[in-house]
Amino acid sequence: MRSAEAIGPGIRRYRATVRTRLALTYSALLTGAGIVMLTVVYLVMRFLPSYELVAAPTVPAQSLVPTDSTSAVIPDPGMAGEPAATVTPSSALVITSTDQIFNLLLVISLVVLVALAIVGVAVGWAVAGRVLAPLQYINSAASRAAHGDLSQRIGLSGPRDEISELAANFDDMLAQLERSFAASRRFALNASHELLTPLATTRAMLDVAIAQRERPEDLQVFDRLRVMNERSIETVEALLDLAQIQSSTAEPEPVDLAQAAAEAIDGCSAEAAEHGVRVELDLEPATIEAEPVLVRQLLTNLVHNAIRHNLADGGFLAVTTRADAAGATIELSNSGAVLSPADVAALTEQFTRVAGRTTSSSGRGHGLGLSIVAAIVNRFEGELALEPRPGGGLHVRVTIPAAAA
């Protein structure tokens, strides 16, 4: 595996993993120590002692005992009186000069160094893996926390060192984040509940006031108040939905994205006709295991967003669903105002509406639709991609991983 390290704006260079670098470092240190040791031995043996070579021991040929009659050595009678021939054992290593000694020492030293390097890499790899094993738990916990699971803890046991202290501090950070997010969700839930009651009461009072008025100017004022009241109720309900997403306890069920998308389009058909938006469907079966309520909420918000932030007349909305080895995918493309990548990147922020999209007080929308979509996709551990269309409008792609498909 290789990791990327930024070295400048837009430039990234690749480095080996920490375990590989540690293993190579151990091997380099071991090999370096071997080079120093063997160099010292070589220099000492070459320059300090003085050598006096002695002839290698020989064995008389007549003393060789034959193993059988066919291999017996029969002395030649004509050689009587001459000294017996001597034979050097074939297994003996004969060195006749000091240069041969040093050459042999050099060859052996190189072989030993290669062996040390190989052993160093193997030992370093094993030691580095054992030392860095706790970091894998920390990395896994960080990955789960990044996907919204703040309840898990590392709980690393063992001697107290830098890694165990890092794990303990990481657990403390997760605990504080969990308390903070829980407090934020409780506040949003309580505030939304508290706001819905007076807003509903205000709506009822406005309905009574409108029914009792006959003057056109009075009806115009009350109608505008009624519209603002409805928008406030929609915003509070959206905040309530956003706060309830992470705390949902519904059991996952098999849900067909194609069927859910068709139902969402059917529910918004009147609004699409009112805005003059042409709807194109290309729905293939794509089943996932998820909470049906959240799936419907996801698709409804996507469709509402595409219809409400479209062209004033003659716009279109294309919806596609499909399934493959990577998971289930739903894509929506709609016409609309030309958006920049910076504008699109901010659309998932709460109460964010880009200039050029519907922002008038009479227009529908509260700036939370894509925030809700992003929260649901995050709960499904999926991926949400927003891209501006070259001709104007937005392209949205939601991918649910195969683990949930």
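Reference entry: report on the structure contained in this document. No experiment lies behind these values; they were computed from the predicted model shown.

Procedures and definitions
Residues numbered from 1 in each chain as written. Predicted model: local features only at pLDDT ≥ 70, side-chain atom pairs only at ≥ 80, totals over all residues. Heavy atoms only, no water. Helix = DSSP H or I, 4+ residues; strand = E, 2+ residues; numbered from the N terminus. Contact = heavy atoms within 4.5 Å. Areas by Shrake-Rupley, 256 points an atom, 1.4 Å probe, with all protein chains shown as cover. Buried < 20%, exposed > 50% of the residue type's maximum accessible area, 1.4 Å probe, protein only. Axes fitted to C-alpha atoms, helices over the stretch in contact; angles between N-to-C directions. Parallel < 35°, antiparallel > 145°, perpendicular 65-115°, else oblique. Left-handed = near helix turned anticlockwise from the far one by under 90°. Nonpolar A, V, L, I, M, F, W, Y, C, P; charged D, E, K, R; others polar. Patch = residues over 30% accessible without salt bridge, like charges linked within 9 Å, V, L, I, M, F, W, Y side chains within 5 Å. Salt bridge = Lys/Arg side-chain N within 4 Å of Asp/Glu carboxyl O. Pairing = 2+ DSSP bridges. Core = buried A, V, L, I, M, F, W, Y, C linked by side-chain atoms within 4.5 Å.

## Considering the overall build of the protein chain
Helix and strand counts for the protein chain stand at 9 helices and 11 strands. The long-range share in the protein chain, meaning contacts at least 24 apart out of those at least 6 apart in sequence, stands at 69%. If you sum the accessible surface of the protein chain, you get close to 24900 Å²; carbon and sulfur atoms cover 60% of it.

## Digging into unusual backbone geometry
Here E381, not a glycine, exhibits a phi torsion of approximately 55°, which is positive. Classification of E381 as exposed rests on a relative accessible area of 51%.

## What about the packing of helix α5 (residues 257-267) against helix α7 (residues 292-308)?
Direction vectors running N to C along α5 and α7 enclose 50°, while the axes themselves pass 9 Å from each other. Judged by the inter-axis angle, α5 sits oblique to α7. Here the hand of the crossing between α5 and α7 comes out right-handed. Each of L257, A260, A261, A264 and I265 in α5 lies in contact with α7, whose residues at this interface are V295, L299, T300 and V303. Across the contact of α5 with α7, the residue classes tally to 8 nonpolar, 1 polar and no charged.

## Structural notes on a nonpolar patch on the surface
A cluster of nonpolar side chains, Y26, L29, L30, V119, V123, V127 and V131, forms an exposed patch at the surface whose accessible area comes to about 560 Å². Mapped by element, the contributors of at least two residues to the nonpolar patch are α1 (18-47) and α2 (98-146). For V131, the position within the fold is in helix α2. A residue is classified by how much of its surface remains accessible, and V131, at 40% relative accessible area, is partly exposed.

## Here's the deal with the sheet that holds strand β9 (residues 327-334)
Taking strand neighbours across the sheet as the criterion, the 5 strands line up as β6-β8-β9-β11-β10 in an open arrangement whose pairing is mixed. What marks the edges here is a single partner per strand, and that holds for β6 (277-283) and β10 (383-388). Going from strand to strand, the sheet's axes swing by 10° on average, the running direction of each strand aside. One ladder, built from 6 bridges, connects β10 with strand β11 (residues 394-401); its direction is antiparallel.

## Brief notes about the pattern of salt bridges
For the structure shown, the criterion picks out 10 salt bridges. Here R153 makes a salt bridge to E178, at a shortest N to O gap of 2.8 Å. Of the two residues, R153 sits in the loop between α2 and α3 (162-212) while E178 sits in helix α3, which places them 25 residues apart along the sequence. Take R153: its relative accessible area is 33%, and that puts it in the partly exposed class. Judged by relative accessible area, which is 29%, E178 ranks as partly exposed. Salt bridges sharing partners connect three or more residues here, namely R203, D207, R226 and E230.

## Here's the deal with the packing of helix α4 (residues 216-245) against helix α9 (residues 369-379)
A packed helix pair is summarised by two numbers, namely the angle formed by the two axes and the spacing between the axes. Interaxial distance between α4 and α9 falls to 10 Å at its minimum, and their mutual angle equals 15°. On the basis of the axis angle, α4 is roughly parallel to α9. Crossing handedness for the pair α4 and α9: left-handed. Residues A238, D241, L242 and I245 of α4 lie in contact with α9, whose contacting residues are S371, I372, A375, I376 and R379. Looking at the contact of α4 with α9, its residues break down into 6 nonpolar, 1 polar and 2 charged.

## Notes on the nonpolar core
One finds I288, V295, L302, V303, L317, L394 and V398 to be the most contacted residues of the largest nonpolar core, which totals 44 residues. Put simply, the parts of the chain that give this core at least two residues each are α4, α5, β7 (287-290), α7, β8 (315-324), β9, α9 and β11. Looking at which element gives the most residues to this core, the answer is α7, with 8 residues. The residues touching L317, leaving out its near neighbours within four places in the chain, are I265, V277, R278, V279, E280, V303, A306, I307, L332, S333 and N334. Formed by 9 residues, the second largest nonpolar core is a distinct cluster that contains A141, L150, I154 and L174.

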